[in-house]
Number of protein chains: 4
Amino acid sequence: MAGSSTGTVFKVTTWGESHGPATGAVIDGCPAGLPLSPADFRPYMARRRPDGSLMSTNRREADEVEILSGVFEGMTTGTPVSLLIRNTDQHSADYGNLADIYRPGHADFGYQAKYGHRDYRGGGRSSGRETAARVAAGAVAAKILGMTGITFQTAVTSVGGFPPEEAPGIIKQYREAGDSAGSEVICTVHGAPAGIGDPVFRKLDALLAEAVFSIGAVRAFEIGSGRDVISLRGSENNDAFCMKNGKVVTETNHCGGILGGISTGGDILIRASFKPTPSISLKQRTVTRDGEETEICIRGRHDPVIGPRAAVVVEAMSALVLLDSMLLNMTSQLSSFISFYQKK
Amino acid sequence: MAGSSTGTVFKVTTWGESHGPATGAVIDGCPAGLPLSPADFRPYMARRRPDGSLMSTNRREADEVEILSGVFEGMTTGTPVSLLIRNTDQHSADYGNLADIYRPGHADFGYQAKYGHRDYRGGGRSSGRETAARVAAGAVAAKILGMTGITFQTAVTSVGGFPPEEAPGIIKQYREAGDSAGSEVICTVHGAPAGIGDPVFRKLDALLAEAVFSIGAVRAFEIGSGRDVISLRGSENNDAFCMKNGKVVTETNHCGGILGGISTGGDILIRASFKPTPSISLKQRTVTRDGEETEICIRGRHDPVIGPRAAVVVEAMSALVLLDSMLLNMTSQLSSFISFYQKK
Amino acid sequence: MAGSSTGTVFKVTTWGESHGPATGAVIDGCPAGLPLSPADFRPYMARRRPDGSLMSTNRREADEVEILSGVFEGMTTGTPVSLLIRNTDQHSADYGNLADIYRPGHADFGYQAKYGHRDYRGGGRSSGRETAARVAAGAVAAKILGMTGITFQTAVTSVGGFPPEEAPGIIKQYREAGDSAGSEVICTVHGAPAGIGDPVFRKLDALLAEAVFSIGAVRAFEIGSGRDVISLRGSENNDAFCMKNGKVVTETNHCGGILGGISTGGDILIRASFKPTPSISLKQRTVTRDGEETEICIRGRHDPVIGPRAAVVVEAMSALVLLDSMLLNMTSQLSSFISFYQKK
Amino acid sequence: MAGSSTGTVFKVTTWGESHGPATGAVIDGCPAGLPLSPADFRPYMARRRPDGSLMSTNRREADEVEILSGVFEGMTTGTPVSLLIRNTDQHSADYGNLADIYRPGHADFGYQAKYGHRDYRGGGRSSGRETAARVAAGAVAAKILGMTGITFQTAVTSVGGFPPEEAPGIIKQYREAGDSAGSEVICTVHGAPAGIGDPVFRKLDALLAEAVFSIGAVRAFEIGSGRDVISLRGSENNDAFCMKNGKVVTETNHCGGILGGISTGGDILIRASFKPTPSISLKQRTVTRDGEETEICIRGRHDPVIGPRAAVVVEAMSALVLLDSMLLNMTSQLSSFISFYQKK
């Protein structure tokens, strides 16, 4: 089943494996008239790239995005924008021993069960490498949203259960132990208008949940007060409405900017919990493809914590969802339709 | 934008407002040959219905499901199954005063911002009443899944942050105070085969996240260890693979039955956090449609906690996602395709 | 597989069998703010209803459309509009003998091969009765289009290969012979703006082709000069552009208002060829479900020619496609997006 | 709006402009286990390539298809298959004068009206060059279908209204006159099983109509007897059922292998009418982007007739539709679902 596309009007399709020649994204439905050049991708791609610190893998790739279509004389034409990112630093030899063994915490076994044939090099399609293409697409969405005043603020808020300032020490310790740590990312969207999202299955928070949960290692998704609502009373959790500069706003923001699946105009508060990197060098029990029990120590280059590089992926996925929902929202009222076509 | 359909092959479209004449669902793509009668819906619908206890509203509706199409001589024909549930106990008069005022914690303001015109009676389309149609559709999915040995176990695991056995006392206290409580629901799916779900945007957990988050009051969705992964080490969170009765299984199940978006064959563990019912009789500050600040005390019949009646909705949505993914998974391997058509 | 929905933003799902209790349509994504009442459907439904003439069946149904949701205080709310049309004049006894026999020219055998179980009464889901729901949905689309000055002109242009004025005589003769006649319908859309349709698979003419071909008995679909282009030269078939009242127009309209899948602003010319009604009372050879060769004479009430009642169905399907494409077209240019949200 | 994807399970997305660096297709949902290499594309691509004869353009491109993902050790893995075809012989200078002028019979004006900004070089996205990517994708579909015994026979059956054997003379004459000719292509599918297609909007012929009409220059689409049904009687057009080698077949095949939108098991007969190439060197009247009336003589390399190179595109689109429908059809019966998962 086709599962590599997301979005309705601003539709993104990604392709590529960790150790293939390239990965890429096709953005179909990008509005015409957007100035776009390879430079637009660099800040976003840089945030996803390993930074050489203790917190990330040693894999080095320029991740320069090539635009193969959909842009003419520096502006989008409304036709598909095909983006290509070459894979240049694969060490496939590191993975040869994984052809016949299932890594714990990875998709290896599931892919084998589903497809009967899989690209085991570096996790193939299930590798975090795939997110490079999402980030490239997200950069385009974020640029468009920025033009209407919408901005994102995304940060790692916990590593191994500790505040981010403790992260370097924690990571050093885990890495030396051959282990890895969980993490949390919070993404805040400022400036989204009220009224975005659709009842009932396409609620804005439902689409955000799907999008963020489609990032490999996410295990929890929360909006606003999130899981804490369990212990709150209605009188605590409800956000009073009031007027501010002639606009309806909420005094507090427990709802995280979304009520009944529709944006309120307040900040959208998204929280994602990432599991610890499953690739660890500590010895683990597992089985082979032939059903033999065995042990495995995973070598290769792996981030000891996922959040730092995944933060921009959360932001990218959120940008894709919000832009698509805002484009679709243009069709909500008959009066907008009529005035659009009367202008013509 | 059309947002009331979910699923690709087993596609469910719901319609209806809280205070309209009826609500309903159209199931398009239900496989032919399924015995189906109104009796199949009753146990599921009963779980969603107020039980007269302290924990639920006093609204009483038989919620008998009428089958208008797609079933002939007691069996589905493969064509759309149209299900109708009449609304019989609306008290619209209770809501007259809500025409011009936004209830805190509700979708009222968002709908007004989006559509400019809304059915304010009982929340209209954003009412929990809408979930009756989902539950009816979910009953069909669950029946089919049951035929392959898949079962669900769903329970309220927290009310107001307290264990369920304390719930009656908590609820009585909150209700008397004119307030409401948050809650948690855990749904466990037994017997799902390995290999279900699709890379990369249609991961099984991503689809479950979207489906469960489309239930109005959900604020957090978790799989397996969920948010707790933040504090776990890779060596703790990874589930070792081993052999059991000739099958590959995981020794533990922190992953909640899903790795890399694909099912492992283990139990699927789904956790949803529900906010406290936003309709409370305590006085709240809000604004009118004309932008005047005011106060509101919400009357009418409301559950003081959402989880008990929503548990079956979580189960229904999970069943819809799993069935649709399993149907699509039949197309994953070329050998299945060829053997299917060679039999013909 | 779900096949009873059409459209992306203005999405219509139909359900119902010829001899079930009712048929219906759910319109999801109808813009909010449209005045809508049962009276809006009557003119459209009347055009589809048998008129008592020689050209139509004797089946009599009021075809009054009930609105079950999505309309409040006489205006659409943006939520699903559920439409119900009761079946009141079925003569199922006429069809009892069809349980085990495949009517030539009908879907009976295909449905049996596909589903293994089918509602044989009156053709079940494959009956022309299903189009009542489409016409109801089309009436809503046509009303909206009318508000921007778009109108439809649809006529039967051939019966049995003869001009329409000869139709009554032809029909009388065929009917007396127990036979039926083919027909042609031409639908002209006036006032559609330029720029509607999307490259490359969602060309406006491709979507119209799909929509019109989804009407049971259609065997050919043509745009503009249609099949005649085979014999034309480029210099004959190309339509020169010129200016008229400050607008770009084509001097001729061989292209039928669509070039490269995008509307030109000229009249859209749609032509559909309908096969002769397959239900005829003349004796025909066929086989039973058990594989026995046999003969059949089909009784019951059948139109001797399909075009006269199907004309409005062609118009309805065309209206659905055009409206959906126009709604989606609102998202084509970045400048429209930005100005839409800056107004907010 | 995203319009460059087609298919549900076997989903194809194309991208690329005539004069960009490359064009390509992403096939998402290709079943795993299919042997696939660049050699598989060559016969199909060769049929689309200009052959140096009088009937085709002089543009020369190797049209070698590169596989960038989704194939591992020579077999598909079930993940997206990204195909790249480089553009190597563009003469953009030929098109510089088209920046500000609308070519009659082309999409230029429509794109300008829709997007406000367009790639005018060689028609940009609306160029026939885009079909290279479709043909590559179609080659994969046709290979899979071939494994179940389904084959295609596709031919140009008319050029300028004359039989194909007269074509060279006709073409020479038209080309010398600076003009172009219409053409007809017939595609016959042998061996498709009965029961393919879905009621009511996803009828097999409706999907074929959409797919074939999405090829730029198609102006008529017919199934079986096509437009000729207008003049036929029911007793002539109905195909009697009979038994042959233990299978239900039709004695004749006026229905073109599809009844009520579902395949009968007989040959599927598809007919497409192509307009004459709109690019002609004869002088034509048109207007500029600034609304000035002017004249144009189109230079550059153009086929004088479209059918010969488009025949394989008709076949490719038909293969895509049929494969996707056959994959989806695996989910039609409950018994198939249950037996699929009981094997597991």
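The preceding data block contains the structure.
Nothing here was measured: the structure is a model prediction, and the numbers come from that model. (Residues numbered from 1 in each chain as written. Chains lettered and ligands numbered in written order. Predicted model: local features only at pLDDT ≥ 70, side-chain atom pairs only at ≥ 80, totals over all residues. Heavy atoms only, no water.)

S.K.: Hey, could you run me through the pattern of salt bridges in this one?
M.R.: When the charged atoms of two side chains lie near each other, side chains of opposite charge can form a pair. Residues and elements named next belong to chain B. Inspection of the entire model under this criterion finds 92 salt bridges over all chains. Across the salt bridge formed by R47 and E315, the nearest N and O atoms sit 2.8 Å from each other. Taken together, the residues R47 in helix α1 (residues 42–48) and E315 in helix α7 (residues 307–329) connect sequence positions 268 residues apart. For R47, a relative accessible area of 35% translates into the label partly exposed. Under the relative-accessibility criterion, E315 is labelled buried at 5%. (Salt bridge = Lys/Arg side-chain N within 4 Å of Asp/Glu carboxyl O. Helix = DSSP H or I, 4+ residues; strand = E, 2+ residues; numbered from the N terminus. Buried < 20%, exposed > 50% of the residue type's maximum accessible area, 1.4 Å probe, protein only.)

S.K.: How do you make sense of the relation of the copies chain B and chain C when you look at a structure like this?
M.R.: Applying a rotation about an axis and a shift along it to one chain copy brings it onto the other copy. It takes a turn of 180° to lay chain B on chain C, together with a shift of 0.0 Å along the axis; the resulting RMSD is 0.0 Å. Those values place the two copies in the arrangement expected of a two-fold rotation axis. Comparing contact sets, 100% of the residues at the interface of chain B also lie at the interface in chain C, consistent with an isologous, same-surface contact. (Least-squares fit on C-alpha atoms with pLDDT ≥ 70 in both. Contact = heavy atoms within 4.5 Å.)

S.K.: How do you make sense of the interface of chain B and chain C when you look at a structure like this?
M.R.: It is common to report an interface's size as the accessible area lost on association of the parts. Taken together, the contact pairs 42 residues of chain B with 42 residues of chain C. Of the roughly 3,400 Å² buried at the junction of chain B and chain C (both faces included), carbon and sulfur atoms supply 64%. At the junction of chain B with chain C, the criterion picks out zero salt bridges. Inspection of the chain B/chain C interface yields 14 residue pairs in polar contact (both at pLDDT 80 or more). For the side of chain B that touches chain C, a count of residues per class yields 17 nonpolar, 16 polar and nine charged. (Buried area = accessible area lost by both parts, 1.4 Å probe. Polar contact = N/O pair within 3.5 Å; in protein donor to acceptor, adjacent residues only side chain to side chain. Nonpolar A, V, L, I, M, F, W, Y, C, P; charged D, E, K, R; others polar.)

S.K.: How do you make sense of unusual backbone geometry when you look at a structure like this?
M.R.: As a rule of thumb, non-glycine residues mostly have phi less than zero, and peptide bonds are mostly trans rather than cis. Cis geometry marks the peptide bond from P199 of chain A to V200 of chain A; its omega dihedral reads -5°. Mapped onto the elements, V200 of chain A comes out in the loop between β9 (183–190) and α5 (204–213). In this structure, D63 of chain D takes a positive phi of about 55° despite not being glycine. Locating D63 of chain D in the fold gives a position in the loop between α1 (42–48) and β4 (66–67). The buried category is assigned to D63 of chain D, whose relative accessible area is 6%.

S.K.: Whenever I open this one, the relation of the copies chain C and chain D confuses me. Can you help?
M.R.: Screw-axis analysis of chain C against chain D gives a translation of 0.0 Å along the axis, an RMSD of 0.0 Å, and a rotation angle of 180°. The fraction of interface residues of chain C whose copies in chain D are also interface residues reaches 100%, indicating that both copies meet through the same surface.

S.K.: What is the right way to read the sheet that holds strand β2 (residues 11–16) of chain C from this model?
M.R.: Sheets are built from strands that pair by backbone hydrogen bonding, the pairs being arranged parallel or antiparallel. All names here are of chain C. Read from one edge to the other, the open sheet built from five strands follows the order β1-β2-β3-β7-β4, with strand pairing classed as antiparallel. Each edge of the open sheet is held by one strand with a lone partner, namely β1 (5–6) and β4 (65–67). Across the sheet, helix α3 (residues 131–146) touches β2, β3 (22–28), β4 and β7 (81–86), and the angle it forms with β3 is around 35°. (Pairing = 2+ DSSP bridges. Axes fitted to C-alpha atoms, helices over the stretch in contact; angles between N-to-C directions.)

S.K.: Explain the environment of E17 of chain A to me, please; I cannot follow it from the model alone.
M.R.: Take E17 of chain A: it is sitting in the loop between β2 (11–16) and β3 (22–28). Along the primary structure E17 of chain A and D119 of chain A are separated by 102 residues, whereas in three dimensions their C-alpha atoms are 8.0 Å apart. Contact partners of E17 of chain A, with chain neighbours within four places excluded, come to A22, N87, D119, G124 and R125 of chain A together with S69, G70 and T79 of chain D. Here the side chain of E17 of chain A touches T79 of chain D through a polar contact of 2.8 Å, side chain to side chain.

S.K.: Honestly, the environment of G178 of chain C in this entry has me stumped. Any pointers?
M.R.: Residue and element names in this part refer to chain C. Structurally, the position occupied by G178 is in the loop between α4 (167–176) and β9 (183–190). As for G178 and A137, which are separated by 41 residues in sequence, their C-alpha atoms are 34 Å apart. In contact with G178, not counting residues within four places along its chain, are I280, S281 and L282.

S.K.: So what exactly am I meant to see when it comes to the interface of chain C and chain D here?
M.R.: Each partner contributes to the interface: chain C provides 107 residues, whereas chain D provides 107 residues. In terms of surface lost to chain D, no three residues of chain C exceed M1, F201 and R219 of chain C, which account for 11% of the buried area on that side. The tally of links between chain C and chain D comes to 12 salt bridges. One salt bridge in this structure joins D198 of chain C and K114 of chain D, with 3.6 Å as the shortest N-O distance. When the residues that make up the side of chain C that touches chain D are grouped by side-chain class, the tally is 45 nonpolar, 39 polar and 23 charged. In terms of strand pairing, strand β10 (residues 218–223) of chain C meets strand β10 (residues 218–223) of chain D through three bridges, oriented antiparallel. When the sheet's bridge partners are listed, A220 of chain C is paired in β10 of chain D with E222 of chain D.

S.K.: Help me understand the side chain of D119 of chain B, please; the structure alone is not making it clear to me.
M.R.: With respect to the helices and strands, the residue D119 of chain B is situated in the loop between α2 (108–115) and α3 (131–147). Residue D119 of chain B is classed as buried on the basis of its relative accessible area of 9%. Those residues in contact with D119 of chain B that sit more than four places away from it in its chain are E17 and G124 of chain B together with F72 and T77 of chain C.

S.K.: Got a minute to help me understand the packing of helix α5 (residues 204–213) of chain D against helix α7 (residues 307–329) of chain D in this structure?
M.R.: Packed helix pairs are characterised by how far apart their axes lie and by the angle those axes make with each other. Residues and elements named next belong to chain D. Two elements in contact, α5 and α7, have axes whose closest approach is 9 Å; the angle formed by their N-to-C orientations is 145°. In this structure, the crossing between α5 and α7 has a hand that is right-handed. Seen from α5, the contacting residues are L204, L207, L208, A211 and V212; seen from α7, they are V314, M317, S318, V321, L322 and S325. Along the lines of polarity and charge, the residues of the contact of α5 with α7 split into nine nonpolar, two polar and no charged. (Left-handed = near helix turned anticlockwise from the far one by under 90°.)

S.K.: Looking at this structure, I do not really get the sheet that holds strand β10 (residues 218–223) of chain A. What am I missing?
M.R.: Taken in spatial order, the eight strands line up as β8(A)-β9(A)-β15(A)-β10(A)-β10(B)-β15(B)-β9(B)-β8(B) in an open sheet, and their pairing is antiparallel. Each having just a single partner strand, β8 (151–159) of chain A together with β8 (151–159) of chain B make up the two edges of the open sheet. Sheet twist, expressed as the mean angle between neighbouring strand axes with direction ignored, is 15°. Docked against the sheet, α5 of chain A engages β10 and β15 (268–274) of chain A together with β10 (218–223) of chain B, running at close to 155° with respect to β10 of chain A.

S.K.: Just to check I follow, could you spell out the packing of aromatic side chains for this structure?
M.R.: The geometry of two aromatic rings is summed up by the distance between their centres and the angle between their planes. Across all of its chains, the model carries 32 aromatic pairs over all chains by this definition. Their ring planes at 65° and their centres at 5.3 Å tell us that Y102 of chain A and F109 of chain A sit as a pair that is edge-to-face. What makes Y102 of chain A buried here is its relative accessible area of 4%. Aromatic rings pair up to connect Y102 and F109 of chain A together with F241 of chain B into one cluster. Cation over ring: R233 of chain A sits above Y174 of chain B, and NZ or CZ is 4.2 Å from the ring centre. (Phe/Tyr/Trp six-rings, centres within 6.5 Å; stacked < 30°, edge-to-face > 60°. Lys NZ or Arg CZ within 6 Å of the ring centre and 35° of its normal.)

S.K.: Help me understand the pairing of strand β11 (residues 241–244) of chain C in this model?
M.R.: Within a regular strand, side chains alternate between the sheet's two faces. Residues and elements named next belong to chain C. Of the strand pairs in this sheet, β11 and strand β12 (residues 247–250) are connected by four bridges, and their pairing is antiparallel. Paired with C242 across the two strands is V249, which belongs to β12. Once β11 ends, the chain turns through two residues before running back antiparallel as β12, passing N245 with a positive phi of about 50°.

S.K.: Mind showing me how you'd approach the state of the cysteines here?
M.R.: A covalent bond bridging the sulfur atoms of two cysteines is what the word disulfide describes. Following the criterion strictly, the structure yields zero disulfides over all chains and no others. C30 of chain C takes part in no disulfide bond, and the closest cysteine sulfur, belonging to C187 of chain C, lies 20 Å away. Given the relative accessible area of 2%, C30 of chain C is considered buried. Residue C297 of chain C stays outside any disulfide, its sulfur separated by 18 Å from that of C242 of chain D, the closest cysteine. Taking the relative accessible area as the measure of exposure, C297 of chain C reaches 26% and is therefore partly exposed. (Disulfide = S-S within 2.5 Å.)

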